[in-house]
Amino acid sequence: MEPLNVEKKGNVSIIRYSGELTLEVIESLKKEMQDHLSDEGTSTLVMDLSQTVFLDSSGIGFLVHLNNRKKSHNKEFYLLQPSPQVRKTLSLVKLLDFFHILKNEEELENLTS
Amino acid sequence: MIEKTYQGQATPGSTRNLAKSVAQFLRQQSLNPDITYDIELAITEACSNVVLHAYSGCESPGEVEVTLFLDWDKIEIKICDWGRPFPGPTEEVFEFSPEDESGRGVYIISQLMDRYYFETTSKKNKLILEKKLEENLWNH
């Protein structure tokens, strides 16, 4: 699994992950992200998918899981700059409009400022 | 026609590598990258179902075999396993809410391929994927 890079800006956690989001890595990712998901001080979670070159249905399930979990705690979840491959897979299952998407780093700056 | 067979264990890592190998071969043949991505994704979904369902509960992972038959105007891919047979999708397979965290694999295959069907003969389960290839998809 590619390494996770976690940034904290105020009460926003930004997860930057450049690998594939597939069945192969989901369990490890869930374990790695456990601390950030349960972080009481974080009201918003942002997943940077700009460098994610492959997304399958297990990866979609993982993103939906993060979204469900944040939503159930009245917190927010955003996808940052999903790559063309990620956009394609999400649009196949009609989820492109389901997620809150930040189109660029400027929109992320607005969120964290 | 070109025929190639790839074999591996039914584990997430091994089957993902099978799909990557097929995609690498198709790129070498100068097939359009977008269609190659679609085929790689469909094979990944098919193989994930083998890992998660065909051999679930088994003590050790079984075998998966991916065979491609490539013509310039079509590709057929056969994904075989020797685990629990899958009877084929029901209509419910295509009914899910956005909040569902699983169950989209066969739907994705249905969206990417022109035709797909399941067969079981002599304990060998096959999922056959078919896709037409237009002439302009080859970057020759």
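The structure presented is a predicted model; accordingly, all values stated were derived computationally and were not measured.

**Q** Could you give an account of the overall build of chain B, naming the residues involved and the relevant values?
**A** Broken down by element type, chain B carries three helices and five strands. Overall, chain B is about 45 × 35 × 25 Å in size when its C-alpha atoms are taken along their principal axes. Contacts in chain B between residues far apart in sequence, at least 24 positions, make up 63% of those at least 6 positions apart. Carbon and sulfur atoms make up 45% of the accessible area of chain B, which amounts to about 7300 Å² in all.

**Q** An account of the confidence of the model for chain B is needed here, citing residue identities and associated values.
**A** Looking at chain B, the pLDDT average stands at 92 and 97% of residues meet or exceed 70. Model confidence for the complex: the whole-complex pTM is 0.93, and ipTM, which rates the interface, is 0.91.

**Q** Describe in detail the interface of chain B and chain A, supporting the description with residues and values.
**A** At the interface, 25 residues of chain B touch 23 residues of chain A. Counting the surface lost from both chain B and chain A, the interface buries some 2000 Å², and carbon and sulfur atoms represent 60% of this. Across the contact surface, chain B and chain A share four salt bridges. As a salt-bridge pair, Asp 38 of chain B and Lys 88 of chain A come within 2.6 Å of each other at their nearest N and O atoms. Of the residues contributing to the side of chain B that touches chain A, the split by class is ten nonpolar, five polar and ten charged.

**Q** Please give an account of the side chain of Ser 83 of chain A that cites residues and values.
**A** Residues and elements named next belong to chain A. Tracing the backbone through its elements, the reader meets Ser 83 in the loop between strand S4 (76-80) and helix H3 (84-92). Here the side chain of Ser 83 touches Thr 52 through a polar contact of 2.5 Å, landing on its backbone oxygen. Those residues in contact with Ser 83 that sit more than four places away from it in its chain are Leu 49, Ser 50 and Thr 52.

**Q** So what's going on with the nonpolar core? Residues and values would help.
**A** Counting residues in each nonpolar core, the largest one holds 64 residues, and the members touching the most others are Met 47 and Leu 63 of chain A. With eleven residues, the single largest contributor to this core is helix H2 (residues 33-54) of chain B. Setting aside chain neighbours within four positions, we find Leu 63 of chain A in contact with Leu 21, Met 47, Leu 49, Leu 55, Phe 77, Leu 79 and Phe 99 of chain A. The next biggest cluster of nonpolar side chains, apart from the first, holds seven residues, and it includes Val 46, Leu 80, Leu 102 and Leu 108 of chain A.

**Q** Help me get a handle on the sheet that holds strand S2 (residues 12-17) of chain A, residues and values and all.
**A** Backbone-to-backbone hydrogen bonds join strands into a sheet, with any given pair of strands oriented parallel or antiparallel. Residue and element names in this part refer to chain A. Strand order in this open sheet of five strands is S1-S2-S3-S4-S5, and the pairing throughout is mixed. In this open sheet, the two strands that pair with only one neighbour each are strand S1 (4-9) and strand S5 (100-102). Strand after strand, the sheet turns through a mean of 25 degrees between neighbouring axes, direction not considered. Pairing of S4 with S5 involves three bridges; the strand directions are parallel. Directly across from Leu 79, in S5, lies its bridge partner Ile 101. Sheet contacts for helix H4 (residues 105-112): S1, S2, strand S3 (44-48), S4 and S5; angle to S2, the most-contacted strand, approximately 155 degrees.

**Q** Requested: an account of the pattern of salt bridges, with residues and values cited.
**A** All names here are of chain A. Evaluation of the coordinates by the stated rule reveals twelve salt bridges over all chains. Across the pair Glu 7 and Arg 16 runs a salt bridge, and its minimum N-O distance is 2.7 Å. Take Glu 7: its relative accessible area is 24%, and that puts it in the partly exposed class. Its relative accessible area of 18% is what places Arg 16 among the buried residues. In the salt-bridge network here, residues are joined through shared partners; they are Glu 7, Arg 16, Asp 48 and Glu 105.

Reading the values: the criteria
Residues numbered from 1 in each chain as written. Chains lettered and ligands numbered in written order. Predicted model: local features only at pLDDT ≥ 70, side-chain atom pairs only at ≥ 80, totals over all residues. Heavy atoms only, no water. Helix = DSSP H or I, 4+ residues; strand = E, 2+ residues; numbered from the N terminus. Contact = heavy atoms within 4.5 Å. Areas by Shrake-Rupley, 256 points an atom, 1.4 Å probe, with all protein chains shown as cover. pLDDT = per-residue confidence, 0-100. Buried area = accessible area lost by both parts, 1.4 Å probe. Salt bridge = Lys/Arg side-chain N within 4 Å of Asp/Glu carboxyl O. Nonpolar A, V, L, I, M, F, W, Y, C, P; charged D, E, K, R; others polar. Polar contact = N/O pair within 3.5 Å; in protein donor to acceptor, adjacent residues only side chain to side chain. Core = buried A, V, L, I, M, F, W, Y, C linked by side-chain atoms within 4.5 Å. Buried < 20%, exposed > 50% of the residue type's maximum accessible area, 1.4 Å probe, protein only. Pairing = 2+ DSSP bridges. Axes fitted to C-alpha atoms, helices over the stretch in contact; angles between N-to-C directions.

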